[in-house]
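Architecture and fold: a report
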Amino acid sequence: MARAGGCAGQRGLLLLGLGGVLQLAETLQVLMGSTPQIVSLNDNISIPCKISGYNTAELDIKNVGVTWYLKTPRADQKEEVFTFLVGEHTPRRNGASMSDSDLRRGNAALSLPQIQFKEAGTYTCQVTVTPFDAQGTAVLEVVAQPTVSLSPKEVTIESDKEKTLSCEVNKFYPNLVDIKWMKISENNQDSSVKAEDICTGASVENEDGTFNVTSRLRLQPALQDNGNVYRCIVSHKTFPANLLLNSILTVTAPRSDSSILIGAIIGTIIACIIVLGLGVFMYNKCFKKIPPTIMAFIGNVEMKHLEDTSLYCQFSGFRPKPITIAFFLRKYLQEQKEKIYCWNSEKEDIQRDGESAALLSTSKNFQFQMHLKSLDNGTFEVPCIIHISPNVHELNKAELSLEIIHEALQQHPAIEMTALKVIAIPVLDPILCSTDVPRPDEPITLTCRIHSFSPETIELAWYKDGDGVPEKPFISDVARGPDGLFFCTSSLILYLGVEDIGRRFICKANLKGLRQHKESSWKLENLTFTPKVSNIVCEPSIPESVKAVTLSCQVTDYHPAECQVRWMRGFEELTEAAIKTQDPQLDAATNLYHRVSQVTFTPEPEDHAVEFTIEVIHCNRTTKKSYPLMLKDFPRITSIVLSPNDVEYGKPLSLTCEIKDFYPKDIQVQWFQENDVIKEGSSVQEPKQDTSGLFYTSSGLQLIPSARDYGRKIGVKVMHKTLTKPITKNVYLKLPAKSPAVSEIRATPASPKVNETVCLEVSISDFAPENIKVAWYKEWSELPKDNHNIDTQIGKNGLWFSTLKTQFTTNASDNGKMFRCEVIHPATNSCTEKMFILKLNDFSTSTRDIPSLTGYQNHTLSPRPISQEINTLKIECITRNPKAGEDVTLHCFVHGRTMESTFVSWFKGKYTIEDGIENKDCEDESGFITSVTFKPEEQDKECKIRCEVFTEEESFGDSYILKLA
């Protein structure tokens, strides 16, 4: 048996990339052949691409996009062959086409006429059926079936003379053909043919890319060989079975001596020619140096972070055996390349069928699987599989190369290289909803964190089921996480309706330019409609004492159906009354529920002016309606009216109410604040009688509100002989909280001496309510509270004012020290700080200069208790009038610690601030200052900023409410 030489097996790599399915969405799939599709040269072919996973009978081709790509074994990149988009066909190859009718039935098959060898390779069918993507691959192999001839078909030869049979195989592809010779004899069963009688030449390439080869059989028969049949057996992948061609041998007796002499001369000449030919043949087959044919880095060089992949190489058809193959890696921005693996054939046993195990390289990202094979034509080949564990930090934009050293390469190594690209597909966390109980009258915020992606260019979109949402989502700035990958957050503010129940809200993310996307979804399982509670209706409309009364109320337009209804008398639940509450009723038009509840009882005189309330408890929310029961022949009191309605400190205020329907005339009216009766400024008009014989009057109170009235209620109390207990009405004065104005620190004496008692004081004024917290500090140490003094009074404007003092005895080390007074007013969430540099009279000059401190004297932060603990933090905003879109800087002093002994984290809301953090130790070794600079967004108008400090023993932190201008 003989096999055509040359580049045998070099195209066998086309079979490595068998077709398959890559599912890029939850439902859509593309199905293609699992084995290579073999076609003949110049045939018209169709490559199937079957689409499945859609829910309609036919595809709407207006929503379908198809792109076909071809990646040939020798090409670095795949090229576009055909595009179908929005009903338009765009062929990149002459004659390429797709059928609209087949596409509607789910087959995006590509038709190619007159196929050529150069079009063999891996075809990718990429399909988009909005909003899903999928793709599949299929391998196409182009072949040419050979023509075979055997000559002569009948041969006559004298015994002991020589003749040659020629078996020609022409126009075949690929260049891999087997030619065997067989003898069929009538005299014996020996069918073997001597190997030395067979000469098979090297294959020759034609202009059209096909190959020719000839095999010859030398005959030197005896008389007993007469009638033998010699058979040429040809096998090629295009033949379903071996092709057999026969030649019949006729052997005659030898001729005269002269004929023998002439035959001998001719035989000698022929023998010389044969020997020469055999020598040439043996040299070409066994000794001629042939360089390797290189197929390098076949596969997808665009890899995904931490997803194992493989590249393929093949080095075939070389001779002699010794070959050295080295692989190199040059990382991005690295000048020198690094050798990561080297393989030498002299250290590898020849394997015909087995495969070697994967071999580790010097790089943890690569493993190489290589082995040496000997081919029947006397050459060698080395298949290579490179197993890669891609890491975006190490391999992105890296260059992978190989160098081959072989005797036939004329002392210059062959070099191949390819650029690697590693991307990290985004990961989407589950979507979070701002509330567990969505309601139609309240907006909800859906938030999704997208992380672990690279590069940072990302595209985000929100969908409701398959449709885009009209609302514009918020997308935060892309930042780099501690793992070196990027992350961001997207949120969507929605107002929901009944029609949204059961709908899925989807956040989709993909790297820019990449169709593959990831998604996270949130489903609205239910929508809570808060019940509408009507006004309570009383029957009879004018109730009387000791006569049955029915109060009824309608509860409407709510969902879900479960709700609890209870009736209250004042602050006590009605348990002995007859309560009847209808079962929830569904309104088919609105899909909302409604019900009616009523309570029947017999009022007593003490029930007059008592508020009866219905409470509807639905999904942890209570809705109330109240009804003051005003019995007939009992006094009625109206609500208190304020004039003016907007109450101001230090400005006159009038409160009035009316008392009606009482008899007899005598009545008492008192105004009170908390439990204290107010006599000054109160008045009661003389009762008058109406046409029904009942009396009415009015009462008023004149006062000037002050800070003492902040948060306190004022009421009126009515006493009459028909009442078992007084009737009261209350009102709260809506007085605003006001933060204190703080003066600069004053020292008495102004220039104290060493060991002299000094008093520091500040004046605070115009604040309400009275509650304030004061702390005095020397540098960062708090002074003892025993020496503090606070005396508050009401000023003429109705607001509090006070003088804050502290005193201490000086020592020499106090000269030039900074003393601070911190005034916290919790009601207004404000903190004001004043600073003072103490200059002792015994020293000529101060050791400090404080102009730089004036920028920190007044600021606002979240309230926190003043503590003497060493680990108390305080965040300060050093940016005046912070605004959205502009840099804002906050800093925080950490007492008694160093940068190296702690770990500091800053947070905006629940998310970590990654960039803009700077830590700096203080020169006096009292601690260090940590600061953060960032640009707040519009939605950060009142966002919470937090600083947390961690040590080996403990952790502590502080929060700050950032208020934008």
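Residues numbered from 1 in each chain as written. Predicted model: local features only at pLDDT ≥ 70, side-chain atom pairs only at ≥ 80, totals over all residues. Heavy atoms only, no water.

1. Description of the sheet that holds strand E52 (residues 610-618)
Strand order in the open sheet made by the four strands is E48-E47-E52-E53, with antiparallel pairing throughout. Edge positions in the sheet fall to strand E48 (572-573) and strand E53 (621-629), since each has one partner strand and no second. Pairing of strand E47 (residues 564-569) with E52 involves six bridges; the strand directions are antiparallel. Paired with Val 565 across the two strands is Val 616, which belongs to E52. (Pairing = 2+ DSSP bridges. Helix = DSSP H or I, 4+ residues; strand = E, 2+ residues; numbered from the N terminus.)

2. Focus: the nonpolar core
Ranked by internal contacts, the top residues of the largest apolar core, which has 74 residues, are Leu 551, Trp 567, Leu 655, Trp 671, Leu 760, Trp 776 and Leu 804. Residues Met 32, Val 81, Tyr 123 and Val 129 belong to the second largest nonpolar core, which totals 60 residues. (Core = buried A, V, L, I, M, F, W, Y, C linked by side-chain atoms within 4.5 Å. Buried < 20%, exposed > 50% of the residue type's maximum accessible area, 1.4 Å probe, protein only.)

3. Quick look at the pattern of salt bridges
Applying the stated criterion to the full structure yields 35 salt bridges. Lys 547 is the partner of Glu 544 in a salt bridge, and the nearest nitrogen-oxygen pair spans 3.4 Å. The residue Lys 651 makes a salt bridge to Glu 648 at a minimum N-O spacing of 3.6 Å. Classification of Lys 651 as partly exposed rests on a relative accessible area of 45%. Judged by its relative accessible area of 46%, Glu 648 is partly exposed. (Salt bridge = Lys/Arg side-chain N within 4 Å of Asp/Glu carboxyl O.)

4. Focus on the confidence of the model for the protein
When pLDDT is averaged along the protein, the result is 84; 89% of the residues meet or exceed 70. The secondary structure element of the protein with the lowest average pLDDT is strand E2 (residues 20-23), at 35, and the one with the highest is strand E45 (residues 537-539), at 95. This stretch, residues 349-360, has a pLDDT under 50; its non-local contacts, to residues over four places away or in other chains, come to 31 contacts. Below pLDDT 50 for its whole length, residues 845-871 participates in 69 contacts with residues either more than four positions away or in separate chains. (pLDDT = per-residue confidence, 0-100. Contact = heavy atoms within 4.5 Å.)

5. Quick word on the sheet that holds strand E62 (residues 713-719)
Taken in spatial order, the four strands make up an open sheet running E58-E57-E62-E63, and their pairing is antiparallel. Two strands lie at the open edges of the sheet, namely strand E58 (676-678) and strand E63 (727-732), each paired on one side alone. Ignoring strand direction, the axes of neighbouring strands in this sheet form an average angle of 30 degrees. Relative to E62, strand E57 (residues 668-673) is paired through six bridges, and the arrangement is antiparallel. Bridging from a neighbouring strand, Trp 671 pairs with Val 716 of E62. (Axes fitted to C-alpha atoms, helices over the stretch in contact; angles between N-to-C directions.)

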